[in-house]
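Structure at a glance
Here is what each chain is made of, one letter per residue.
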Amino acid sequence: MNAAPRTLILLRHAKSDYPPGVADHDRPLAKRGIREAALAGAWLRANTPRIDQVLCSTATRTRNTLERTGINAPVSYLDELYDAVPGTVIATINTVGDEVRTLLVIGHEPAMSSVALGLAGAAGTDTAAVQRISEKFPTSGIAVLHVAGSWSGLELGSAALVGFHTPR
């Protein structure tokens, strides 16, 4: 008997502000971002399994996004997810324990789109979602992937991209 697939959710941080003199890592959310992060949280609660763990960049805007979603799950804030390359994101996901069924990763572009597109390839991939992500992975964008095996075995082309949503 095969277990249900694991769910990987990739969330790009909500729209950030650009206050003068504030370093990129420390930029907060804009008013629109505050609103859209809450909408992202509502969509996640309504449309995805309960989130078991969150991996979040240490940037202020990703932390603020998580806070505004209202998601209540154990969180690891990781410096390596800030300004990460796709291989680093996947390697970080590979360290997650098998007890986690649904994983939320909150990060930045261009890593989120590259990871979603790089992992997509398994049967069940939604080609329309692939096309939309190829065109743009906007702030607050949410990619949902199904992973058949363990997190440690996740590699390029091994997941099914089953949806892409942008809360507005």
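It should be emphasised that the depicted structure is a prediction, and the values quoted were computed from it without experimental measurement.

**Thoughts on helix α4 (residues 111-119)**
Among the residues making up α4, those that are buried are A111, M112, S113, V115, A116 and L119. Packed against the buried residues of α4 are β1 (6-12), α3 (86-93), β4 (102-107), α5 (127-135), β5 (142-147) and β6 (159-165).

**Comments concerning the nonpolar core**
Counting residues in each nonpolar core, the largest one holds 30 residues, and the members touching the most others are L8, L10, V89, L103, V105 and A143. Among the elements of the structure, β1, α3, β4, α4, α5, β5 and β6 are those that each provide at least two residues to this core. Per-element accounting of this core gives the leading share, five residues, to α4. Not counting residues within four places of it along the chain, the set of residues in contact with L10 comprises V105, M112, V115, A116, F137, G141, I142, A143 and L145. L44, L66, L104 and V144 belong to the second-largest nonpolar core, a separate cluster that totals 14 residues.

**Structural notes on the pattern of salt bridges**
In a structure, side chains of opposite charge can pair up when their charged atoms sit close to one another. Per the stated rule, a full pass over the model turns up six salt bridges. Two residues, R32 and E36, come together in a salt bridge whose shortest N-O distance is 3.1 Å. On the criterion of helical spacing, the pair formed by R32 and E36 is a turn pair, its members being four residues apart in helix α1 (residues 31-47). Overall, the relative accessible area of 33% leaves R32 in the partly exposed class. With a relative accessible area of 3%, E36 lands in the buried category. When the shortest N-O distance is used, the salt bridge between R50 and D52 registers 3.0 Å. On the accessibility criterion, R50 (66% relative accessible area) is exposed.

Cut-offs used in this document
Residues numbered from 1 in each chain as written. Predicted model: local features only at pLDDT ≥ 70, side-chain atom pairs only at ≥ 80, totals over all residues. Heavy atoms only, no water. Buried < 20%, exposed > 50% of the residue type's maximum accessible area, 1.4 Å probe, protein only. Helix = DSSP H or I, 4+ residues; strand = E, 2+ residues; numbered from the N terminus. Contact = heavy atoms within 4.5 Å. Core = buried A, V, L, I, M, F, W, Y, C linked by side-chain atoms within 4.5 Å. Salt bridge = Lys/Arg side-chain N within 4 Å of Asp/Glu carboxyl O.

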